[in-house]
Amino acid sequence: MSNATATPTVTESEHGVRFTRAAANYLDDRTKISVAVKEFGRKIFPDHWSFLLGEVALYSFVVILLSGTFLTLFFQASMTEVEYSGSFVPLKGIEMSAAMASTLDISFDIRGGLLMRQVHHWAALLFVASIGLHMLRIFFTGAFRKPRELNWVIGFVLFVLAMAEGFTGYSLPDDLLSGNGLRIIDGIIKGIPIVGTWISFLLFGGEFPGNDIVGRLYSMHIMLLPALVIVFIALHLVFVVVHKHTQFPGAGRTNNNVVGFPVLPVYAAKAGGFFFVVFGVIVLIASLFSINPVWNYGPYDPSPVSAGTQPDWYIGFADGALRLVPPGWETEWFGFTWSWNILVPIGVILIFLVMVVLYPFIEGWVTGDKREHHILDRPRNAPTRTAIGAAGVTFYAAMWAGASSDIVATHFQMSMEGVIHSLQFALIVGPFIAYALTKRICLGLQKKDKSIALHGYESGRIVRLPGGEYVEVHKQVTDYERWVLVNYNEYKPLMVRPNDEGKITGGQRFRGVLSRWFFEDRVSPATQSELDSESHH
Amino acid sequence: MIRSTKKKTKKTGRRHPMATVALVAIGLIVTGAAYAGFSNSSAIAEVDLQAQSTIDEGQKLFASNCATCHGIQADGTDEGPSLIGVGAASTHFQVGTGRMPLAFQGPQGMVKPKQFTEEQTLQLAAYVASLAPGPGIPEAQYLDGDGDVANGGELFRVNCAMCHNVAGAGGALTEGKWAPKLSGVASVHIYEAMATGPQNMPVFNNANISSDEKRDIISYLKYLENSTSVGGFKLGSLGPVAEGLFIWIIGLGAVVALTVWVTAKSN
């Protein structure tokens, strides 16, 4: 009986196995996919929440692609005047561009259209925000060091592309809000001496706003920029695989290994699931919270400007920089107006961005460190870098807050001028304060780490010795814990040495100065001998 | 059997001719009361603004509440401007929104709970109007909110949005002044604000914006106020700043919490 039932099952499963085997062989012979799977599937991915931020960005981008494709089916990138006749009553019969009218149709007359618009826009905001947070993580843990400097640059390019994607998309509906944004861009371009006006005419196809700009932005928004983003994401990921992932310091983790889970099956399953988690969060937000209600703003018309006109958050820092310029920065030379009120903030922003993208190279040069680094720094163990980062964040935040100065003023019942002046102060002095504070905090934390490594931590238990003396019992940390506390790179300021010809060049001297600035204040990790002598008593 | 009788009684109960009558009556009473309340609060109650008794009452109220700042003749002091010629509309707006009597000197008079009944407010208005002609209290036909909403929206964007924001969410002006948000403001006060231009707001007289156009604007603002937001919660109608804050704090916050959760599960 049992035999009789067992036999057919065996043959059946053998049959199945034979089929899958054949299919697998067929595929493998033709694609060599098993090599890729074996290679990639065995990649190890360490586990830390902050390592998923890049993934959040990637997944939001996928959501953007999906929802964006839906929108392209209904959006008309044309500035032809039409009379709106859709179902939103307060705009019925109003003249507007076909772009605006089709955006309204998507919002009111196409099933699921509004949800898709909101998904698309929220995902875009999340996309740029997660890139920003991801970059901060990379920066503060020193993950940009050799061999990953180029990947930092690629990531930075992605950040800029994402902002460009966002801005072009924000401008497409041709509503009053985005039109004001374009007007500012037009003003900035016109502020470039001599050629500005020509460039503006070229861009807008004549006098602002013209009839072309929406179509042009649309080609950028749905073809050029996404293609570039995809290329750079691909490059970015290839480098991640080639370089392997970095990891936080810990016992058993070295520069030559990666401790974590293999991509297959654990990690891939998690990542796949996580995609749906991110997708779900975005859809949840989009279904509950309104975003960019263009029907409130109405069609673009160059005369009205609304109070509280702001760009999306990622362009805010640029808008804020313009707002923080004191009035009257303008001169007339050779019959041309030089609008310093535009040129200076734009210049400052460009310098800031260039510093960000070049930072890995600058730091590499200052430290003179040519080694590969796969172990991350705890931020406190690189006090100067962390302090520079904090200063940069403060600077950016001041510009960013500048963009919402009017809303801050009304909501906290302050005067506009008061808000602007405090932000100007924050912009210039804030970074220095942030730098000094952060550095002190880092050094303090390092000292604390060192004393814990050497003496253990205070257990809070007071003991009276037979002699009458009171001591607090210190609890020693475990070896695992101590490893984290004492294993970090210690740099010393570079010695300025003469070169082959016996000369000290200016560049070398400058480097020496920078290096001293970087490493003068430092707390060296507890050495083995210190640890040994400590453990004896 | 029992079930069917029950059904029957129910049915007859509902079909009872008096039920319909009663329903209609209730409906009429409710709408009538609501209408009366509405028109009472938004337009002229049964106060005769021309009557000498009204003006006298107003003068009394004025002398005891307003004269310290505006002068006993309402011709102004260092504390407050002359009210001669500002008209009933201005007084009705200032007192009706609770701005007057002014609580303290600041960049701008604050809206606060109003201190006078509608009747007293009208008496004050009658008194101020008796001093010299000025913009009067608008007629109810402009306040019904049944104007052309699309035209009102267009006019609002062109004339008002630069200070009050396209969605009427308010905005900042210089020197600590601001244009308030417009939701929850009574139709009559919207009209009067346009007609009299309180403080930093320009006057929109009938040559700029005709009475019918004012009606359209009011209709638009009432439409904004009463329509539900199709996209979900409005985040204060503050536009990209609110959206940006939201995505950083709630959106990214939630996602980061989830990354922590996803990675914590493995250990």
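All values reported here derive from a predicted model rather than from experimental measurement. (Residues numbered from 1 in each chain as written. Chains lettered and ligands numbered in written order. Predicted model: local features only at pLDDT ≥ 70, side-chain atom pairs only at ≥ 80, totals over all residues. Heavy atoms only, no water.)

Draft legend 1. Seen up close, the pattern of salt bridges. Under the defined criterion, the tally for this structure stands at 19 salt bridges over all chains. Here Asp521(A) and Lys439(A) are joined by a salt bridge, their closest N and O atoms 4.0 Å apart. Placement of Asp521(A) in the loop between helix H19 (506-519) and helix H20 (528-536) and of Lys439(A) in helix H17 (residues 430-455) is noted, with a sequence separation of 82 residues between them. For Asp521(A), a relative accessible area of 33% puts it in the partly exposed group. The exposure class of Lys439(A) is buried, given its relative accessible area of 5%. Its salt-bridge partner being Glu154(B), residue Arg157(B) comes within 3.2 Å of it at the nearest N-O pair. Residue Arg157(B) and its partner Glu154(B) are both found in helix H7 (residues 149-159); the two are separated by three residues, about one turn of the helix. Residue Arg157(B) is classed as buried on the basis of its relative accessible area of 3%. (Salt bridge = Lys/Arg side-chain N within 4 Å of Asp/Glu carboxyl O. Helix = DSSP H or I, 4+ residues; strand = E, 2+ residues; numbered from the N terminus. Buried < 20%, exposed > 50% of the residue type's maximum accessible area, 1.4 Å probe, protein only.)

Draft legend 2. Here's a closer look at the UniProt feature "transmembrane region" (unreviewed entry) in chain A. Residue and element names in this part refer to chain A. Per the UniProt entry, the sites bearing "transmembrane region" (unreviewed entry) are residues 56-75, 121-140, 152-172, 218-242, 274-295, 342-362, 382-399 and 419-438 in this numbering. Between the C-alpha atoms that bound residues 152-172 there is a distance of 30 Å. The span itself is 95% helix and 0% strand. Taken end to end, residues 419-438 is 95% helix and 0% strand, and its two terminal C-alpha atoms sit 25 Å from one another. (UniProt positions renumbered as here; feature names shortened; annotations may be inferred.)

Draft legend 3. Fine view of the domain arrangement of chain A. Residue and element names in this part refer to chain A. If you check the domain split of chain A, you get domain 1 (38-65 + 116-353) and domain 2 (442-536). Here the C-alpha centroids of domain 1 and domain 2 sit 40 Å apart. Between domain 1 and domain 2, the contact holds five residues from the first and five residues from the second. Both faces considered, domain 1 and domain 2 share a buried interface measuring about 380 Å² in area, 62% of it formed by carbon and sulfur atoms. In terms of surface lost to domain 2, no three residues of domain 1 exceed Arg-145, Pro-249 and Ala-251, which account for 75% of the buried area on that side. Our enumeration of links across domain 1 and domain 2 arrives at zero salt bridges. At the junction of domain 1 and domain 2, the tally comes to zero residue pairs in polar contact (both at pLDDT 80 or more). Its residues assigned to classes, the side of domain 1 that touches domain 2 shows two nonpolar, one polar and two charged. (Domains from an automatic or database assignment. Contact = heavy atoms within 4.5 Å. Buried area = accessible area lost by both parts, 1.4 Å probe. Polar contact = N/O pair within 3.5 Å; in protein donor to acceptor, adjacent residues only side chain to side chain. Nonpolar A, V, L, I, M, F, W, Y, C, P; charged D, E, K, R; others polar.)

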